[in-house]
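One letter stands for each residue in the lines below.
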Amino acid sequence: MSPKDVVHRWVEAFNRADADALAALYADDAVNHQVAESPVSGRAAIRRMFADEFASADMVCLVENLFEDGEWAMLEWRDPLGLRGCGFFHIVDGRIVFQRGYWDKLSFLRAQGLPLPNN
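Here we summarise the structure given alongside this text. Remember, it's a predicted structure, so these values are computed and weren't measured experimentally.

## Side note on the overall build of the protein
Stage number 1. Within the protein one finds 4 helices and 6 strands.
Stage number 2. Counted from the first residue to the last, the protein has its helices and strands arranged as α-α-β-β-α-β-β-β-β-α.
Stage number 3. Taking 119 residues into account, the globule formula puts the C-alpha radius of gyration at 14 Å, and the protein, at 14 Å, falls close to it.
Stage number 4. Principal axes of the C-alpha set define a box for the protein whose edges measure 40 × 30 × 25 Å.
Stage number 5. Across the 119 residues of the protein, 39% fall into the buried class.
Stage number 6. Of the side chains in the protein, 12 bear a positive and 18 a negative charge, and the two mean positions are spaced by 3 Å.

Spelled out as C-alpha cells, the structure:
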C-alpha cells in the first residue's frame, strides 16, 4: 500500500471517528506529534488519544491536497468549521511510523466550543 493509500484510509477512519481503525494504521512504536500538543508514542497511546479527541469534539477532515514523495505523504486539509491544517506522514511497509500535524489549537477550541486555556 502506498503512503497516499494509507493516508486515504486514515482520512476515512478519522471521518468515521474510528479510533481502532486509525490505530491499526500505525506501527507499534509510531509517534504522532501534533505540534500544538506533546508527542504521543506507541500505537496504544495513539489509539487512546484519538478516542479521547473523538469523545470531546466533532471532527471532520476534508482533503484539499494529498501528495506523496517516497515514504512520505503530505496532507493539506480543512474542516467544515473553517479550520485548516496540514500533516506529514512517514510510512514504512504500509504503516505510519511518524506523523506531524500543524493546525491552530486556539481556533480549533473556539470552533468546537471547548474551554480555552488560562494563560
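## Description of a nonpolar patch on the surface
Stage number 1. A cluster of nonpolar residues, Val-35, Trp-72, Phe-88 and Tyr-102, forms a patch on the protein surface that exposes about 330 Å² of accessible area.
Stage number 2. Here Phe-88 is to be found in strand E5 (residues 84–92).
Stage number 3. With a relative accessible area of 31%, Phe-88 lands in the partly exposed category.

## Thoughts on the sheet that holds strand E4 (residues 72–78)
Stage number 1. An order of E2-E1-E6-E5-E4-E3 is seen for the 6 strands of this open sheet, with the pairing classed as mixed. Edge positions in the sheet fall to strand E2 (40–41) and strand E3 (62–69), since each of these pairs with one other strand and no more.
Stage number 2. Across 7 bridges, E4 lies against E5 in antiparallel orientation. Paired with Met-74 across the bridge in E5 is Phe-88.
Stage number 3. Taken strand by strand, helix H1 (residues 3–15) contacts strand E1 (26–34), E3, E4, E5 and strand E6 (95–103), and its axis lies near 35 degrees from that of E4.

About the cut-offs
Residues numbered from 1 in each chain as written. Predicted model: local features only at pLDDT ≥ 70, side-chain atom pairs only at ≥ 80, totals over all residues. Heavy atoms only, no water. Helix = DSSP H or I, 4+ residues; strand = E, 2+ residues; numbered from the N terminus. Rg over C-alpha atoms; globule rule 2.2 N^0.38 Å. Buried < 20%, exposed > 50% of the residue type's maximum accessible area, 1.4 Å probe, protein only. Lys, Arg positive; Asp, Glu negative; His and termini not counted. Charge placed at Lys NZ, Arg CZ, Asp CG, Glu CD. Patch = residues over 30% accessible without salt bridge, like charges linked within 9 Å, V, L, I, M, F, W, Y side chains within 5 Å. Areas by Shrake-Rupley, 256 points an atom, 1.4 Å probe, with all protein chains shown as cover. Salt bridge = Lys/Arg side-chain N within 4 Å of Asp/Glu carboxyl O. Pairing = 2+ DSSP bridges. Contact = heavy atoms within 4.5 Å. Axes fitted to C-alpha atoms, helices over the stretch in contact; angles between N-to-C directions.

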